[in-house]
Amino acid sequence: MDSSEPPSPRLSRPEGGAPLHCISPIRVSAKVTPNDPETSWMQRALALAEAAVGLTEPNPRVGCVIVSADGRTLLGQGHTQAAGQAHAEVMALRDAQAAGRELRGATAYVTLEPCAHHGRTPPCCDALIAAGLARVVVAVGDPNPAVNGQGVARLRAASIQVDWADAGLAQASREINLGFFSRMTRGHPWVRMKLAASLDGRTALENGQSQWITGEAARTDGHAWRKRAGAVLTGVGTVLADNTRMDVRLVPTARQPLRCVVDARLDTPATARLLDVPDAPVVFYCNEPTPERAAALQSRGADICRLPGLDSRVDLAAVLGDLARRQVNELHLEAGQRLNAAWLQAGLVDELLLYQAPMLVGAGQGLAALGPYSALAQAARWRYHTVDRVGDDLRLLLRQPT
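Residues numbered from 1 in each chain as written. Predicted model: local features only at pLDDT ≥ 70, side-chain atom pairs only at ≥ 80, totals over all residues. Heavy atoms only, no water.

A.B. asks: What should I look at first to understand unusual backbone geometry in this one?
C.D. replies: A negative phi holds for most residues other than glycine; trans holds for most peptide bonds. Pro58 follows Glu57 through a cis peptide bond whose omega is 5 degrees. As for its placement among the helices and strands, Pro58 is situated in the loop between helix 1 (37-50) and strand 1 (63-67). Backbone geometry places Asp311, a non-glycine residue, at a positive phi of 55 degrees. Inspection of the secondary structure assignment puts Asp311 in the loop between strand 11 (303-306) and helix 10 (316-325). Positive phi, normally seen in glycine, also occurs at Ser312, with a value near 65 degrees. (Helix = DSSP H or I, 4+ residues; strand = E, 2+ residues; numbered from the N terminus.)

In structure tokens:
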């Protein structure tokens, strides 16, 4: 293959598995032009990183592309596999070696700084050095204290030229790994609150009926966001009202996220459907449960975590701390209006994922039981990050003003 413009990605497979498919909610913002092969190769690596969504947790999603010294020929490519398996750089090297391609003098484009430490796998820097590469282009540094500049330093010490991609590509890599950056720099997961509502802000009728306000395309897209998360959390009210499973079903996935329920008294029955999902653990966050209720859920394989807060509630900040200890990068909230309000009032939500249906419901249940406020200045302001149409509905992604 010899072309001045990189070909479209051929996504690598998880080790020992079928091709990885995903409906990706991630938007890579870096502009690609045919006259900018450096950007095009890194854009290709970012597309590979996207393909690792739902596979690599708790590790970051990383893509790597290796190109000939003249920058014209693709030699190998890959993305990070499941935890404990090969990282992106090793997958790309294997891809090139399997095809018998010469790697000495080549350039690697990698979306995150190559690791320099022994974790579940050996350092990726050592593999790149051993392969004889001459240059490595990195989109963004690794915030993990075990790496954080050491990867670049080790490559340069081995006389490998290291360059940084432009700011737009760096931001695109951060977007793919928002949760990993959050856990490494803030000590807790990135928190996304998913909502689905009518034009007049109703999530359900007064009698609780909510199926379905949004269309099938929006519901499928919502499962793609569940897939992206390390953990999905709801409240006991939603469990009792909907008997929800809270798993990923509508899109293919290599793994199920950890499922969590805020249930101060452990009112969830041991017959709840979310306990029926195989190989998908459930954590119940509670305050002062009775031993009998705890034992009933534990008999179904549930993990009971007592995090008492004020007024017999659960300490939500402590929930984030516990999830960080469990190496959860992104927390996906799907709860009712009271628990939504508690998360928002605690200032713990980073992002709102709102699906808005072209429907007027009238009286019904709202997005979050906030207020009442006496002045508009008391209301929290959010900024639109992206607005997209999904089927007949709108998908609004909002973040805190910076």
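A.B. asks: Which parts of the structure should I look at to understand a nonpolar patch on the surface?
C.D. replies: On the surface, a nonpolar cluster with roughly 290 Å² of combined accessible area is contributed by Tyr384, Val387 and Leu394. You can see Leu394 is positioned in strand 16 (residues 393-399). Look at Leu394 and you get partly exposed, because its relative accessible area is 34%. (Patch = residues over 30% accessible without salt bridge, like charges linked within 9 Å, V, L, I, M, F, W, Y side chains within 5 Å. Areas by Shrake-Rupley, 256 points an atom, 1.4 Å probe, with all protein chains shown as cover. Salt bridge = Lys/Arg side-chain N within 4 Å of Asp/Glu carboxyl O. Buried < 20%, exposed > 50% of the residue type's maximum accessible area, 1.4 Å probe, protein only.)

A.B. asks: I would appreciate a short explanation of the packing of helix 10 against helix 11 (residues 337-345) in the present structure.
C.D. replies: When two helices pack together, their arrangement is given by the angle between the helix axes and by the axis-to-axis distance. Between helix 10 and helix 11, the shortest axis-to-axis distance is 10 Å and the interhelical angle comes to 80 degrees. Taken together, helix 10 and helix 11 sit at an angle that is classed as roughly perpendicular. Here Leu316, Val319 and Leu320 of helix 10 lie close against helix 11, whose contacting residues are Leu339, Ala342 and Trp343. Each residue belonging to the contact of helix 10 with helix 11 can be placed in one class, and the counts come to six nonpolar, no polar and no charged. (Axes fitted to C-alpha atoms, helices over the stretch in contact; angles between N-to-C directions. Parallel < 35°, antiparallel > 145°, perpendicular 65-115°, else oblique. Contact = heavy atoms within 4.5 Å. Nonpolar A, V, L, I, M, F, W, Y, C, P; charged D, E, K, R; others polar.)

A.B. asks: Honestly, the side chain of Thr111 in this entry has me stumped. Any pointers?
C.D. replies: For Thr111, the location among the structural elements is in the loop between strand 3 (107-110) and helix 3 (124-130). Within the structure, the side chain of Thr111 is placed 3.0 Å from the backbone nitrogen of Gly63, a separation counted as a polar contact. Excluding residues that lie within four positions of it along the chain, Thr111 makes contacts with Met42, Ala45, Leu46, Ala49, Arg61, Val62, Gly63, Ala139, Val140 and Ser173. (Polar contact = N/O pair within 3.5 Å; in protein donor to acceptor, adjacent residues only side chain to side chain.)

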